[in-house]
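Descriptive analysis of the structure
Residue strings, one per chain:
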Amino acid sequence: MLGLKAAAVAVVGHAVLGMAKSLTPDARRATIAVGVLTVVLLVPGPLTMFGAMALAGIAGFFVCRSPSTTENDEPRFRVRLRPAVGWLSPAVFVMLLAGLPIFAVFTGNATVGLIDTFYRAGSFVFGGGHVVLPLLQAETVQTGLVEPGAFLAGYGAAQAVPGPLFTFAAFLGAVTTGGPSGLLGASIALLAIFLPSALLVMGVLPFWERLRRAPRVQRVLTGVNSGVVGLLAAALYDPVFTAGVTNAASLVVAALAFVALTSWKTAAWAVVLGAAGAGALLL
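So, a few notes on the structure that sits alongside this text. Please read these numbers as outputs of a predicted model, since none were measured by experiment. (Residues numbered from 1 in each chain as written. Predicted model: local features only at pLDDT ≥ 70, side-chain atom pairs only at ≥ 80, totals over all residues. Heavy atoms only, no water.)

A rise of 1.5 Å per residue sets the reference length of helix 4 (residues 83–107), with its 25 residues, at 36 Å; its end C-alpha atoms lie 35 Å apart and thus fit the reference within 8%. At G99, helix 4 shows its largest bend, some 35 degrees, and a proline, P101, comes one to four positions later. Those residues of helix 4 that sit buried are G86, S89, F93, L100 and A104. Buried residues belonging to helix 4 abut helix 5 (110–124) and helix 9 (182–204). (Helix = DSSP H or I, 4+ residues; strand = E, 2+ residues; numbered from the N terminus. Expected span 1.5 Å × (residues − 1). Bend = angle between axes of the 7 residues up to and from the residue. Buried < 20%, exposed > 50% of the residue type's maximum accessible area, 1.4 Å probe, protein only. Contact = heavy atoms within 4.5 Å.)

Here you go:
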């Protein structure tokens, strides 16, 4: 378990480094990232994360440049949806986002509460799978739904399996301490966290060709992408580093895992297994 926690430090650190190189290559975007990191660390909470990302988008609109685009740049594939689907899907998305918390409170139903938890986490994620880490931590660990040790160990183990990081939600649903758990909890959590993105994709697709070339939209997205780096960097510190590095030996395991990922280009699954073995011997 301790080795897996140390592996999580290396994996998230590697993700922050890679995203920073591509999403914050200049002073303006780096400043937006640091601003988000500052707000999230000093005023922790899910609403703070959402507000910080909104401010990052506003900052991007005013200070970032629109990325260069080519008029003949064609998408890799085309999916045709009717405009009515484009309007209906976001409406359903908003109704569920606003209605599920109210329904969960009034009914007191643990299943509805579990759906609400993972639907909300899936709704606020932007910029890559690792960004789901701070949101899931706030929604599950801070609320007492999942034990902190199980959360970080499961996150480390998730690096050793194929598939998107969102599947980590299935593990969290299976180990919840309140409400549905096991196979039922895993199924509910997995479906709930993927549903928001499915609704948003269906909502955007009919209008994507116009949006992808709109300079104002591009500037906002540039700012949000910069904020994503700050959000993930904040998660790297708390809860990943604070819980994963508890002594000198765990720092050594995390450092070795980081070098293996960045310098030796070792597969994440192999690094995780190696960290687990090192944990069994050293921690």
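There is more to say, and it comes next.
Checked against the element boundaries, S123 lands in helix 5. A residue is classified by how much of its surface remains accessible, and S123, at 11% relative accessible area, is buried. Each C-alpha atom, one on S123 and one on T48, is 15 Å from the other, the two residues being 75 residues apart in sequence.

In this section: the pattern of salt bridges. Throughout the structure, instances matching the rule amount to three salt bridges. Among the ionic pairs, R29 bridges to D26, the shortest N-O distance being 2.6 Å. Overall, the relative accessible area of 31% leaves D26 in the partly exposed class. R120 serves as the salt-bridge partner of D116, at 2.8 Å between the closest nitrogen and oxygen. Linking D116 with R120, this pair stays in helix 5, spanning four residues, or about one helical turn. (Salt bridge = Lys/Arg side-chain N within 4 Å of Asp/Glu carboxyl O.)

So, on to the packing of helix 5 against helix 6 (residues 132–141). Between two packed helices, the angle of one axis relative to the other and the distance separating the axes together describe the packing. Contact geometry for helix 5 and helix 6: axes closest at 9 Å, N-to-C directions at 160 degrees. Considering their axes alone, helix 5 and helix 6 lie roughly antiparallel with respect to each other. The chirality of how helix 5 crosses helix 6 is right-handed. On helix 6, the residues touching T117, F118, R120, A121 and F124 of helix 5 are L135, L136, E139 and T140. For the contact of helix 5 with helix 6, the class distribution of residues is five nonpolar, two polar and two charged. (Axes fitted to C-alpha atoms, helices over the stretch in contact; angles between N-to-C directions. Parallel < 35°, antiparallel > 145°, perpendicular 65-115°, else oblique. Left-handed = near helix turned anticlockwise from the far one by under 90°. Nonpolar A, V, L, I, M, F, W, Y, C, P; charged D, E, K, R; others polar.)

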